[in-house]
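As a plain string of letters, each chain reads:
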Amino acid sequence: MRRLGVNIDHVATLRQARGGISPEPVVAAGIAELNGADQITVHLREDRRHIQDRDLEILVKTVQTRINLEMAATEEMIGIASRLRPHTVTLVPEKRQELTTEGGLNVLGQREALHKAVSRLRDAGMVVSLFIDPDLSQLRAAKHVGADAVEIHTGTYCEAFQAGNSAEVLRNVPVLRDGVLRNVPVLRGELEKIRVAAAHGRNIGLKVYAGHGLDVRNIVPILTLPEIEEFNIGHSIIARAVFIGLGPAVKEMADLIHVAP
């Protein structure tokens, strides 16, 4: 069965906007788990713009499934991860000026540093994943530095899907939405890049995950790729929760992922 990791960063973002104590990310994590989440994902950024150290400390003690900690490969973050030991660490690129993570790690350009970081994290007992673009050279570099898994950046695909670029449309897939069968376009170019990357990753012995920008519409074509075993999704679930509640929003996505062949 495929896994759903629910990213609760945006719950913390809402809390930090007022500098108060609510909404509480650990409560969101509990609701997500009760409604089908197989993993809780959080990004402890260097600037602490949303998730705080205190959040991570509590989550490690209370989450019943497992925690995926997204972080930059810095000395500070490696120290925090090695002390708290979440199940998985996903190394991501990080820039202060970005609104959210933009693009994948340049593993090729940081092989020595990433090899050291990956080795330290694995020695501390964690599964290590690298967030990368669907690029075969980056996949091979991820394998070279000792990663257990890669999370393929799906953001470019999601942008193309949203734009409905006619040059990208391969065919329409019928999807039941709000009780009505509607056609959803499958995109050729970006989807094909992800398909090839996922297959290559599996062939060279990496676990393959996916994330960034996925929602209940654009994930449908991605679910046809059997190599991808885990999806980390945050913004679309939290945004949908504003209208239908967090539990139903998580369950809606979990049901899609769990029944996929």
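What comes next concerns the included structure. Small disclaimer: the values here were computed from a predicted structure and weren't measured. (Residues numbered from 1 in each chain as written. Predicted model: local features only at pLDDT ≥ 70, side-chain atom pairs only at ≥ 80, totals over all residues. Heavy atoms only, no water.)

Our next topic: the environment of Ala147. On the secondary structure map, Ala147 appears in the loop between helix H6 (136-144) and strand E6 (149-153). Ala147 gets classed as buried once you look at its relative accessible area, which sits at 7%. For the pair Ala147 and Ser129, spaced 18 residues apart in sequence, the C-alpha separation works out to 5.8 Å. Leave out the neighbours within four places in its chain, and Ala147 touches Val118, Val128, Leu130, Ala142 and Leu206. (Helix = DSSP H or I, 4+ residues; strand = E, 2+ residues; numbered from the N terminus. Buried < 20%, exposed > 50% of the residue type's maximum accessible area, 1.4 Å probe, protein only. Contact = heavy atoms within 4.5 Å.)

As a further point, take the sheet that holds E6. Within the closed barrel, the 8 strands sit side by side as E1-E2-E3-E4-E5-E6-E9-E10. Their pairing is parallel. Going from strand to strand, the sheet's axes swing by 25 degrees on average, the running direction of each strand aside. (Pairing = 2+ DSSP bridges. Axes fitted to C-alpha atoms, helices over the stretch in contact; angles between N-to-C directions.)

Regular strands show a simple pattern: their side chains alternate between the two faces of the sheet. Going residue by residue along strand E4 (residues 88-91), you find Thr88 and Thr90 tucked away on one face and Val89 and Leu91 tucked away on the opposite face as well. Where strand E3 (residues 67-71) meets E4, 4 bridges bridge the pair, whose relative direction is parallel. Among the inter-strand pairings, Met71 is bridged to a residue of E4, identified as Leu91. A crossover links E3 with its parallel partner E4, the connecting element being helix H4 (residues 75-84), and its sense is right-handed. (Right-handed = clockwise from strand over helix to strand, strands pointing away.)

So, on to the packing of H6 against helix H8 (residues 189-203). The N-to-C vectors of H6 and H8 enclose an angle of 25 degrees; their axes lie 10 Å apart at closest approach. Comparing the axis directions of H6 and H8 gives the class roughly parallel. By crossing handedness, the relation of H6 to H8 is classed as right-handed. Residue-level contacts link Leu136, Leu139 and Arg140 of H6 to Val196, Ala197, His200 and Gly201 of H8. (Parallel < 35°, antiparallel > 145°, perpendicular 65-115°, else oblique. Left-handed = near helix turned anticlockwise from the far one by under 90°.)

A few words now on the pattern of salt bridges. Going through the model one piece at a time under the given rule, you end up with 18 salt bridges. Across the pair Asp53 and Arg48 runs a salt bridge, and its minimum N-O distance is 2.6 Å. On the basis of relative accessible area, Arg48 is assigned to the buried category, the value being 16%. For Lys193, the salt bridge identified is with Glu190, shortest N-O distance 3.2 Å. Residue Lys193 and its partner Glu190 are both found in helix H8; the two are separated by 3 residues, about one turn of the helix. The class of Lys193 is partly exposed, set by a relative accessible area of 42%. We classify Glu190 as buried; its relative accessible area is 14%. (Salt bridge = Lys/Arg side-chain N within 4 Å of Asp/Glu carboxyl O.)

On to helix H3 (residues 53-62). Among the residues of H3, those classed as buried are Asp55, Leu56 and Leu59. Each buried residue of H3 lies within a common arc of 95 degrees when the element is viewed along its axis, so the set occupies one face. (Arc of directions from axis to C-beta.)

Mapped onto the secondary structure, Ile237 falls in helix H10 (residues 235-244). We classify Ile237 as buried; its relative accessible area is 2%. Residues Ile237 and Val216, 21 residues apart in the sequence, show an inter-C-alpha distance of 8.8 Å.

In this structure, Leu91, Leu130 and Phe231 are the most contacted members of the largest nonpolar core, which totals 72 residues. At 6 residues, helix H11 (residues 246-258) tops the list of elements feeding residues into this core. For Phe231, the residues in contact, after removing those within four places along its chain, are Arg2, Arg3, Leu4, Gly5, Ala210, Leu214, Ile219, Ile222, Leu223 and Ile257. (Core = buried A, V, L, I, M, F, W, Y, C linked by side-chain atoms within 4.5 Å.)

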